[in-house]
Amino acid sequence: MKVILQQDIKGKGKRGQMIEVSDGYARNYMLPRKLAVEATADNVNTMRMSDKAQQEKRQREREEAFAVATRMKDMTVTVKAKGGGAGRLFGSITTQEIADALQKEHGITLDKRKIVLDEQIKTVGEYTVKCKLGYEITADLKLRIEEL
């Protein structure tokens, strides 16, 4: 019997995949537990439509990430923090502070977990940080730290 998987099943396949299993396994195990649905013409068509929608969504998100990366290439973000003089800061600059400054200055919303700091920023100056935008697209962001 052909079934379309509703969840990932170890040893059988991934969610959305159509597989061939024995009739008893499908009727007695997979269908009652809603792990799969029978591969009727209507269900197969629904599966194909959802796959197409997923691919379009992924493509659109990839294009948006690429557009943000090109905008960030020539961008400089300024973060102001309290300092103790001589270029030293009280504490260090966090990724949340960088994300907030990026939102405030340029209107780009970026999750703090997508900003990668190689080492902690504890002094005034200019730095370059990497931003992982998804779909293997990264952008370098110039960061200027100023003392209040």
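See the structure shown above.
Being a predicted model, the structure only gives us computed values, none of them experimental. (Residues numbered from 1 in each chain as written. Predicted model: local features only at pLDDT ≥ 70, side-chain atom pairs only at ≥ 80, totals over all residues. Heavy atoms only, no water.)

Visitor: Break down the sheet that holds strand 3 (residues 36–38) for me, citing the residues and quoting the values.
Guide: Spatial ordering of the open sheet is given by 2-1-3, a layout of three strands whose pairing is antiparallel. Two strands lie at the open edges of the sheet, namely strand 2 (18–20) and strand 3, each paired on one side alone. Averaged over all pairs of adjacent strands, the angle between their axes in this sheet comes to 40°, without regard to strand direction. Note that strand 1 (residues 2–5) and strand 2 share three bridges and pair antiparallel. Bridge pairing in strand 2 links Val3 to Ile19. (Pairing = 2+ DSSP bridges. Helix = DSSP H or I, 4+ residues; strand = E, 2+ residues; numbered from the N terminus. Axes fitted to C-alpha atoms, helices over the stretch in contact; angles between N-to-C directions.)

Visitor: Account for the side chain of Thr78, with residues named and values stated.
Guide: Mapped onto the elements of the fold, Thr78 is located in strand 4 (residues 76–81). Engagement of the side chain of Thr78 in a polar contact is seen with the side chain of Arg144, the distance being 3.4 Å. With near-sequence residues (within four places) excluded, Thr78 lies in contact with Ala101, Glu105, Arg144 and Glu146. (Polar contact = N/O pair within 3.5 Å; in protein donor to acceptor, adjacent residues only side chain to side chain. Contact = heavy atoms within 4.5 Å.)

Visitor: Could you give an account of the packing of aromatic side chains, naming the residues involved and the relevant values?
Guide: A complete count under the given rule lists one aromatic pair for this structure. When the centroid spacing of 5.4 Å and the interplanar angle of 15° are considered together, the rings of Tyr25 and Tyr29 count as stacked. Placement of the pair is Tyr25 and Tyr29 together in helix 1 (residues 23–30), with a separation of four residues, close to one helical turn. Overall, Tyr25 belongs to the partly exposed group, its relative accessible area being 27%. (Phe/Tyr/Trp six-rings, centres within 6.5 Å; stacked < 30°, edge-to-face > 60°. Buried < 20%, exposed > 50% of the residue type's maximum accessible area, 1.4 Å probe, protein only.)

Visitor: Can you tell me about the sheet that holds strand 7 (residues 115–116), naming the residues and giving the values?
Guide: Strand order in this open sheet of four strands is 4-10-9-7, and the pairing throughout is mixed. Where the open sheet ends on each side, the last strands, each with one partner, are strand 4 and strand 7. In the sheet, strand 7 pairs with strand 9 (residues 125–134) via two bridges, with the strands oriented antiparallel. Across the sheet, residue Ile115 finds its bridge partner in strand 9, namely Cys131. Sitting on the sheet, helix 2 (residues 41–72) touches strand 9 and strand 10 (137–147), and the angle it makes with strand 10 is about 40°. Docked against the sheet, helix 3 (residues 95–106) engages strand 4, strand 7 and strand 10, running at close to 125° with respect to strand 4.

Visitor: Residue-level account of the environment of Leu5, with values.
Guide: With respect to the helices, strands and loops of the structure, Leu5 is situated in strand 1. On the basis of relative accessible area, Leu5 is assigned to the buried category, the value being 1%. Sequence separation of Leu5 and Lys34 is 29 residues, and the distance between their C-alpha atoms is 8.8 Å. In contact with Leu5, other than residues within four places in its own chain, are Lys12, Gly13, Lys14, Arg15, Gly16, Gln17, Ile19, Met30, Leu35 and Ala36.

Visitor: For helix 2, give the residues involved together with the corresponding values.
Guide: Over its 32 residues, helix 2 extends 47 Å from the first C-alpha to the last, a length consistent with the 46 Å expected when each residue adds 1.5 Å. Looking at helix 2, one finds that the buried residues are Val44, Met47, Ala65, Ala69 and Met72. (Expected span 1.5 Å × (residues − 1).)

Geometric values such as these leave the question of function open.
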